Amino acid sequence: MHAWLCENPVGVEALQWKELPTPQPQAGEVLVEIKAASLNFPDLLIVQNKYQVKPPLPFVPGAEYAGVVAAVGPDVKHVKPGERVACLSGTGGFATHAIAPAAQCLPLPAGFPHPDAAALIMTYATSLHALVDRAQLKAGETVLVLGGAGGVGTAAIQIAKAVGARVIAAASSAEKCELCRSIGADATINYSRDTLRDAIGAATGGRGPDVVYDPVGGDLAEPALRSLAWRGRYLVIGFASGTIPSLPLNLTLLKGTSIVGVFWGRFMREEPQAAAALLTELTRWYGAGRIKPVIDRLMPMAELKAAYDYMGSRGVKGKLVMVN
Ligand SMILES: NC(=O)c1ccc[n+]([C@@H]2O[C@H](COP(=O)([O-])OP(=O)(O)OC[C@H]3O[C@@H](n4cnc5c(N)ncnc54)[C@H](OP(=O)(O)O)[C@@H]3O)[C@@H](O)[C@H]2O)c1
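Residues numbered from 1 in each chain as written. Predicted model: local features only at pLDDT ≥ 70, side-chain atom pairs only at ≥ 80, totals over all residues. Heavy atoms only, no water.

## Structural notes on helix 4 (residues 151–163)
Its 13 residues place the ends of helix 4 19 Å apart at the C-alpha level, agreeing with the 18 Å of an ideal helix rising 1.5 Å per residue. Of all 13 residues in helix 4, 11 are buried; the element is thus mostly enclosed. Buried residues of helix 4: Gly 151, Val 152, Gly 153, Thr 154, Ala 155, Ala 156, Ile 157, Gln 158, Ile 159, Ala 160 and Val 163, and no others. Looking at the residues trailing helix 4, positive phi occurs at Gly 164, about 100°. (Helix = DSSP H or I, 4+ residues; strand = E, 2+ residues; numbered from the N terminus. Expected span 1.5 Å × (residues − 1). Buried < 20%, exposed > 50% of the residue type's maximum accessible area, 1.4 Å probe, protein only.)

The following block contains the structure:
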């Protein structure tokens, strides 16, 4: 097998494409022949030693992938060789093969293309857990999605629309706003051009959104929190801007609002049955055409460093998917 190996987490430039012995799955493990692996922001952080999870060295980055089961450990029953699966195992995906924990392999229904499957779990599961479970979003409510054209942002737009909410998507360019509208956003805000607080007021008739979905952080957070409607919920998804904001707590008191943390990985470990039910729901929604990953482009696995550069430069619309 071949894999992009991270022996020293000092950045993308240190990754090396290496030939390695193909491992055999042990108890509780599955060997997957990888067909597609998507890039998520945590993949960028993990090779710089900036992610909250720090795997032992050396490791193969690539949190999320899809492929065909090549072999299973002696006790593994829910998937079998030849079956197609999607995996969110945190590492291992930027390779030709990976050993995945069996519990993190989701069998795929027929007609589920590998690139879509590789681009589904991290972004859509996070967004469904965030909007429906953590924020209790209801039909008719208004959601503001910051970073709307990114990976989790595009998933959040589609899920909020599927729930029957009104969606205001905010992004940093006219092209990104156009993409958000093309996947269902009812209104958009270009925060490179417009003052966020004024634009939110204009888009909501001064009332403010019921829910803010924030994967960006930084300078966007405080005006977004200030804009929430009475009993609004502010979802803390991530800090793609690189800055973790500090927010005045009096803002929550004034409007009876809640700041709600979201962490899919921990949710999966703490509440595995609820997470599994959510994943089953997602595959159903995909089958019914209610959600569809937005794929900016497919790139050959050998071009991983160029894909990382593209993501780091803030250019990606939706998701990048590496293919073997
Ligand atoms: N809580 C969880 O369970 C969970 C799960 C998955 C991901 N996340 C987090 O969610 C965040 C987004 O992940 P993603 O995979 O959706 O990333 P992504 O596709 O790269 O999207 C991030 C968006 O952030 C915006 N952004 C603002 N400043 C940026 C900067 N300096 N560099 C890059 N992007 C910047 C960009 O939109 P504009 O150009 O329009 O501003 C970009 O589209 C990350 O922090 C990630 O760790 C959290």
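## A look at the environment of Thr 154
Inspection of the secondary structure assignment puts Thr 154 in helix 4. For Thr 154, a relative accessible area of 1% gives the class buried. Here the alpha-carbon distance between Thr 154 and Tyr 124, two residues 30 residues apart in the chain, equals 8.8 Å. Beyond its immediate chain neighbours, meaning those up to four positions away, Thr 154 contacts Gly 148, Ala 149, Leu 179, Ile 183, Val 294 and Gly 318. Here the side chain of Thr 154 touches Gly 151 through a polar contact of 3.0 Å, landing on its backbone oxygen. (Contact = heavy atoms within 4.5 Å. Polar contact = N/O pair within 3.5 Å; in protein donor to acceptor, adjacent residues only side chain to side chain.)

## A word on the packing of helix 3 (residues 121–134) against helix 10 (residues 272–287)
It is at 10 Å that the axes of helix 3 and helix 10 come closest, and there the two elements cross at 110°. Relative to helix 10, helix 3 is oriented roughly perpendicular. Residues Ile 121, Tyr 124, Ala 125, Leu 128 and His 129 of helix 3 pack against Leu 278, Leu 279, Glu 281, Leu 282 and Trp 285 of helix 10. (Axes fitted to C-alpha atoms, helices over the stretch in contact; angles between N-to-C directions. Parallel < 35°, antiparallel > 145°, perpendicular 65-115°, else oblique.)

## A closer look at the site of the ligand
For the ligand, the set of nearby residues contains 24 residues, the closest of which are Gly 151, Ser 172, Lys 176, Tyr 191 and Val 262. Take Lys 176: an N or O atom from its side chain is 2.7 Å from an oxygen atom of the ligand. Tyr 191 is positioned such that a nitrogen or oxygen atom in its side chain is 2.6 Å from an oxygen atom of the ligand. Look at the ligand: alone it shows 910 Å² of surface, and the protein chains cover 90% of it. (Near = heavy atom within 4 Å. Areas by Shrake-Rupley, 256 points an atom, 1.4 Å probe, with all protein chains shown as cover.)

## A short note on the nonpolar core
The biggest cluster of nonpolar side chains holds 55 residues, and the ones touching the most others in it are Leu 131, Tyr 213, Leu 235 and Trp 264. When near neighbours in sequence (up to four residues on either side) are disregarded, Tyr 213 contacts Thr 126, Ser 127, Ala 130, Leu 131, Leu 144, Val 145, Leu 146, Val 152, Ala 156, Leu 235 and Ile 237. Residues Leu 44, Ala 98, Ala 100 and Ala 307 belong to the second largest nonpolar core, which totals 40 residues. (Core = buried A, V, L, I, M, F, W, Y, C linked by side-chain atoms within 4.5 Å.)

## Brief notes about the sheet that holds strand 13 (residues 258–261)
Spatial strand order, 10-9-8-11-12-13: 6 strands in an open sheet with parallel pairing. Among the strands making up the open sheet, the edge pair consists of strand 10 (187–190) and strand 13. Pairs of neighbouring strands in the sheet enclose a mean axial angle of 20°, with direction left out of account. Here helix 3 sits on the sheet in contact with strand 8 (142–145), strand 11 (211–214), strand 12 (233–236) and strand 13, set at roughly 155° to strand 11. Across the sheet, helix 6 (residues 196–203) touches strand 8, strand 9 (166–171) and strand 10, and the angle it forms with strand 10 is around 165°. (Pairing = 2+ DSSP bridges.)

## Let's talk about the pattern of salt bridges
In this structure the tally under the stated criterion is 13 salt bridges. The shortest N-O distance in the salt bridge between Lys 319 and Glu 64 comes to 3.6 Å. Taken as a pair, Lys 319 in strand 15 (residues 319–323) and Glu 64 in strand 4 (residues 64–72) lie far apart in primary sequence, 255 residues in all. A residue is classified by how much of its surface remains accessible, and Glu 64, at 0% relative accessible area, is buried. (Salt bridge = Lys/Arg side-chain N within 4 Å of Asp/Glu carboxyl O.)

## Describing the packing of aromatic side chains
Tallying each qualifying case throughout the model produces 4 aromatic pairs. Pairing Trp 4 with Trp 17 gives two aromatic rings, centres 5.5 Å apart and planes at 50°, and the pair type is tilted. Taken together, the residues span a long stretch of sequence, with Trp 4 in strand 1 (residues 2–5) and Trp 17 in strand 2 (residues 16–19) at a distance of 13 residues. Owing to a relative accessible area of 7%, Trp 4 belongs among the buried residues under this scheme. Under the relative-accessibility criterion, Trp 17 is labelled partly exposed at 34%. An angle of 80° between the planes, with centres 6.1 Å apart, marks the rings of Phe 94 and Tyr 308 as edge-to-face. Taken together, the positions of Phe 94 in the loop between strand 5 (84–88) and strand 6 (97–101) and Tyr 308 in helix 11 (residues 304–312) put the pair 214 residues apart, joining distant regions of the chain. Comparing Phe 94 with Tyr 308, the two get one shared label, buried. Sitting above the plane of the Trp 285 ring, Arg 290 keeps its charged end 4.3 Å from the centroid. (Phe/Tyr/Trp six-rings, centres within 6.5 Å; stacked < 30°, edge-to-face > 60°. Lys NZ or Arg CZ within 6 Å of the ring centre and 35° of its normal.)

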